[in-house]
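# Examining the three-dimensional arrangement
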Protein chains: 2
Amino acid sequence: MSKHNRLDQIMDYLKEHNLVTVEDLVIAIKASPATIRRDLIKLDEQGVINRTHGGVTINRFIPAQPTTYEKIHRNQSEKQSIADIAASFVLAGDSIILDAGTTTLEIARRLTHMPLRVITSDLHIALFLSEFKQIEVTIIGGKIDDSSQSCIGEHGRLLLRQINPDIAFISCNSWSLEKGITAPTEEKALVKASIAEKANRVILVADSSKYGSYSLFSSIAMSSFTDVVTDNKINKDIHSQLKLQNFKLHISNNSIK
Amino acid sequence: MSKHNRLDQIMDYLKEHNLVTVEDLVIAIKASPATIRRDLIKLDEQGVINRTHGGVTINRFIPAQPTTYEKIHRNQSEKQSIADIAASFVLAGDSIILDAGTTTLEIARRLTHMPLRVITSDLHIALFLSEFKQIEVTIIGGKIDDSSQSCIGEHGRLLLRQINPDIAFISCNSWSLEKGITAPTEEKALVKASIAEKANRVILVADSSKYGSYSLFSSIAMSSFTDVVTDNKINKDIHSQLKLQNFKLHISNNSIK
DNA sequence: TTAAAAATGATTAAATTTAATCATTTTATT
DNA sequence: AATAAAATGATTAAATTTAATCATTTTTAA
């Protein structure tokens, strides 16, 4: 499976070697230096590797280490494609907020190559992005919710009230037009609401499988969003309804290659 | 500062960063490129790091167990023995603060079996402790300093002012009776000072090799500490002086196995 | 204290890697 | 099959890193 894709071959090689050169990969993969470099740029933009002038390693700080490049492509193609679209909204120099979650982490992986200010509630996102010098990272602080390893509580909300970001990216476990997005605890719901509060653009990133369910605590009404990004597996009737709303609807096509 | 010390500093930095350049280390360690390169050659010969033309990583295939590197470089074992003593001060149910650093991370490793509230500025410590259900973790929040991957700035200090912990554990890069503990940036110095401010017991954990040097910004006077934990390599004269102070002095015996 | 030895820092030439450009090959579409 | 589009490879100039050299500072030992 993985031998078909050259990017997978590179990741496989990196898993087995601590620190390699482009020359190593040229020999191992049997491709030209130019091709290897072009591949490395793609992998670097996804944050799964780190490069210097002359060296390449796998990024050992990426959460869920065993979730390798190929697994990401197989199991999370919807999140990937949603993140692709979401990341394209960000411009160099922007100040953005990333909510806690795996979809927002995917967005983070796509933003490593540009100067940014990023505020987040997510420990993984903070640690990951802090490796990149052109990105100024702020974590909102507060009690750590261990299911999501992110900050909850009033302290972080205080910081959120003091900033005016360009874009806020919100993720969720459940969403619908009627109930908006909901969360399993009051604290999580409140943090999300605060994240959405001040941003110029408020973007929901949520895959279609989460549509229709809901948790106990309401967090954000759908009318608060300026944009919604979801995938093309969304039900047709719901799709029609979503198109009629005030937010811009973006549908990703997670065609698996 | 001794040469062993700087090699330890490099290893500490590499543990917390995936792939670094000589330039990164020049800034982090405050030595010239030539010196860093000479150090890297030594570490490379020991096999604990890997280098390319332009990049350095820790060798992640070397067991991070208490063997290979620590036998060669003793400061790690000093930190271990200091952490042993420091951790023994903590009782189940306590609320404690852990400053950012590798010594305080060692303390955290020894506290996972008891119910605790832990407040920290360190992303690694927060992420590590959040795995343990009986430990409630709070991160102070704020901008991430990427050399230490910990929180700095006014926002975190605000939280620190609102809590009254049982114990605060402070680490440092430089300490002395005259200058107290000092830090390379004002923001780091201020955060440390705030960490020490409200705790019932304020404990400095600092290995002997760091004694006598100082950075630009003063952070905490020695008179603010209730306890000091250091190792038995401390100079005898200094030892005598330290014993005369108001704090309790604890000397760890880092017997090298 | 003084002299010798070791460590460190600064400078610049050499070596290495990368980016940019363009030709060629492969793949996709009609 | 023909054409367009995309991916790959080769070439060279530019950028970056290193090694070598020597001056300076710090440490060690007499």
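Look a little higher up for the structure.
Here's what I pulled together on the structure shown here. (Residues numbered from 1 in each chain as written. Chains lettered and ligands numbered in written order. Predicted model: local features only at pLDDT ≥ 70, side-chain atom pairs only at ≥ 80, totals over all residues. Heavy atoms only, no water.)

### Regarding the overall build of chain A
For clarity, the cut-off: Secondary structure elements are taken from DSSP: a helix is a run of H or I of four residues or more, a strand is a run of E of two residues or more, and numbering for both begins at the N terminus. Atoms counted for the radius of gyration: C-alpha only. Globule rule: 2.2 Å times residue count to the power 0.38. Per-residue accessibility, obtained with a 1.4 Å probe over protein chains only, is compared with the maximum for each type, and a residue is labelled buried under 20%, exposed over 50%, and partly exposed between these values. Contacts: residue pairs with any heavy atoms within 4.5 Å of one another. Just so you know, the count uses Lys and Arg for positive and Asp and Glu for negative, and it drops His and the chain ends. By convention, the charge on Lys lies at NZ, on Arg at CZ, on Asp at CG and on Glu at CD.
The number of helices and strands found in chain A is 10 helices and 14 strands. For a compact globule of 257 residues, the expected C-alpha radius of gyration is about 18 Å, and chain A comes in at 19 Å, within 12% of that figure. When the backbone C-alpha atoms are referred to their principal axes, chain A occupies close to 55 × 40 × 30 Å. Looking at the 257 residues of chain A, the share that counts as buried comes to 58%. Taking the intrachain contacts of chain A between residues at least 6 apart in sequence as the baseline, contacts between residues at least 24 apart amount to 58%. The average position of the 30 basic charges and that of the 29 acidic charges among the side chains of chain A differ by 3 Å.

### What about the sheet that holds strand E9 (residues 175–176) of chain B?
Residues and elements named next belong to chain B. Worth spelling out the cut-off: Any two strands with at least two DSSP bridges between them are considered paired. Only C-alpha atoms enter the line fits that serve as axes; for helices the fit covers just the stretch in contact. Angles between N-to-C directions range over 0 to 180 degrees.
Strand order in the open sheet made by the 3 strands is E9-E10-E12, with antiparallel pairing throughout. Unpaired on one side and paired on the other, E9 and strand E12 (217–220) mark the two borders of the sheet. As judged from the 2 bridges shared by E9 and strand E10 (residues 180–183), these two strands associate in the antiparallel manner. Opposite Trp-175, over in E10, you have Ile-181 as the bridge partner. Contacts from helix H9 (residues 186–197) reach E10 and E12, with the element oriented near 10° to E12.

### Regarding the nonpolar core
Stated precisely, the cut-off is as follows: Residue types Ala, Val, Leu, Ile, Met, Phe, Trp, Tyr and Cys, when buried and joined through side-chain atoms within 4.5 Å, form a set referred to as a nonpolar core.
Membership of the largest hydrophobic core comes to 119 residues, with the highest contact counts inside it found for Phe169(A), Trp175(A), Phe169(B) and Trp175(B). Ranked by residues supplied to this core, first place goes to helix H7 (residues 123–129) of chain A with 6 residues.

### Concerning the protein's contact with DNA strand D
The condition that has to hold: Here, proximity means that at least one heavy atom of the residue falls within 4 Å of the molecule or strand. Whenever two N or O atoms come within 3.5 Å, that pair is a polar contact, provided that in protein one can donate a hydrogen and the other can accept it, and provided that, for residues adjacent in sequence, both atoms are side-chain atoms. Classification used: nonpolar for Ala, Val, Leu, Ile, Met, Phe, Trp, Tyr, Cys and Pro, charged for Asp, Glu, Lys and Arg, polar for all others including Gly.
With respect to spatial proximity, the complete set of residues near DNA strand D consists of Arg6(A), Ala31(A), Ser32(A), Ala34(A), Thr35(A), Arg38(A), His53(A), Val22(B), Arg37(B), Thr52(B), His53(B) and Gly54(B). Counting only atoms of DNA strand D within 4 Å of the protein, the sugar-phosphate share comes to 70%. At 3.0 Å, a backbone N or O of Ser32(A) approaches a phosphate oxygen of DNA strand D. Here a phosphate oxygen of DNA strand D and a side-chain polar atom of Arg37(B) are 2.4 Å apart. At 3 residues, helix H3 (residues 33–45) of chain A tops the list of elements feeding residues into the surface near DNA strand D. Across the surface near DNA strand D, the residue classes break down as 3 nonpolar, 6 polar and 3 charged.

### A look at the protein's contact with DNA strand C
The environment of DNA strand C is made up of Val22(A), Arg37(A), Thr52(A), His53(A), Gly54(A), Arg6(B), Ala31(B), Ser32(B), Ala34(B), Thr35(B), Arg38(B) and His53(B). Sugar and phosphate atoms represent 70% of those atoms of DNA strand C found within 4 Å of the protein. Within the backbone of Ser32(B), an N or O atom sits 3.0 Å from a phosphate oxygen of DNA strand C. Top element by residues in the surface near DNA strand C is helix H3 (residues 33–46) of chain B. It accounts for 3 residues. For the surface near DNA strand C, the per-class residue count stands at 3 nonpolar, 6 polar and 3 charged.

### A look at the pattern of salt bridges
Residue and element names in this part refer to chain A. Operational definition: The rule for a salt bridge is simple: a side-chain nitrogen of Lys or Arg has to be within 4 Å of a carboxyl oxygen of Asp or Glu.
One pass over the structure, following the stated rule, counts 24 salt bridges over all chains. Of the charged contacts in the structure, one is a salt bridge between Arg-109 and Glu-106, with a shortest N-O distance of 2.5 Å. Highlighted residues: Arg-109 and Glu-106, both in helix H6 (residues 102–109), separated by 3 residues, approximately one helical turn. Relative accessible area serves as the criterion here: at 5%, Arg-109 is assigned to the buried category. Measuring nitrogen to oxygen at the nearest pair gives 3.3 Å for the salt bridge that ties Lys-188 to Asp-145. In this pair, Lys-188 is assigned in helix H9 (residues 186–197) and Asp-145 in strand E6 (residues 142–145), connecting sequence segments 43 residues apart. Look at the salt bridges and you will find they share partners, linking Asp-84, Glu-106, Arg-109 and Arg-110 into a network.

### A word on the pairing of strand E3 (residues 95–98) of chain A
Residue and element names in this part refer to chain A. Keep this limit in mind: We call a crossover right-handed when, viewed with the strands running away from us, the connection from the first strand over the helix to the second turns clockwise.
Neither face of E3 is exposed, since Ser-95 and Ile-97 on one face and Ile-96 and Leu-98 on the opposite face are all buried. Here E3 pairs with strand E4 (residues 116–120) via 4 bridges, running parallel. Each residue of the ladder has a partner; that of Ser-95, found in E4, is Arg-117. Each parallel crossover has a hand, and for E3 linked through H6 to E4 it is right-handed. Sheet topology note: the E3/strand E8 (residues 167–171) ladder contains 3 bridges and is parallel. Counted as the bridge partner of Ile-96 is Ile-167 from E8.

### Focus on the side chain of Ser219(A)
Residue and element names in this part refer to chain A. Structurally, Ser-219 can be placed in strand E12 (residues 217–220). Side-chain polar atoms of Ser-219 contact the backbone oxygen of Ala-189, separated by 2.7 Å. Sequence-distant contacts of Ser-219, that is, excluding residues within four places in its chain, are made with Ile-181, Thr-182, Ala-189, Lys-192 and Ala-193.

### Some words on the interface of chain A and chain B
Our working rule: As used here, buried area is the combined drop in accessible area, with a 1.4 Å probe, of two parts when they are placed together.
Each partner contributes residues to the interface: chain A has 42 residues there, and chain B has 43 residues. Carbon and sulfur atoms supply 59% of the area buried between chain A and chain B, which totals about 3,400 Å² over both sides. Our count for the contact surface shared by chain A and chain B stands at 1 salt bridge. Asp24(B) is the partner of Lys133(A) in a salt bridge, and the nearest nitrogen-oxygen pair spans 2.7 Å. Linking chain A with chain B are 20 residue pairs in polar contact (both at pLDDT 80 or more), by the criterion used here. For the side of chain A that touches chain B, the elements supplying multiple residues, two or more each, are helix H1 (6–16), strand E1 (49–52), strand E2 (55–58), H7, strand E5 (135–139), E6 and helix H8 (154–161) of chain A. Of the residues in the side of chain A that touches chain B, the class split is 16 nonpolar, 17 polar and 9 charged. Where E6(A) and strand E5 (residues 135–139) of chain B come together, 2 bridges link them in antiparallel fashion. By the bridge assignment, Lys143(A) is partnered in E5(B) with Thr138(B).

### Description of unusual backbone geometry
Residues other than glycine seldom take positive phi values, yet Lys30(A) does so here, at roughly 60°. Structurally, Lys30(A) is set in helix H2 (residues 22–30). The exposed category is assigned to Lys30(A), whose relative accessible area is 73%. At Gln149(B), a position not held by glycine, the phi torsion is positive, near 50°. Mapped onto the elements of the fold, Gln149(B) is located in the loop between strand E6 (142–145) and strand E7 (150–152).

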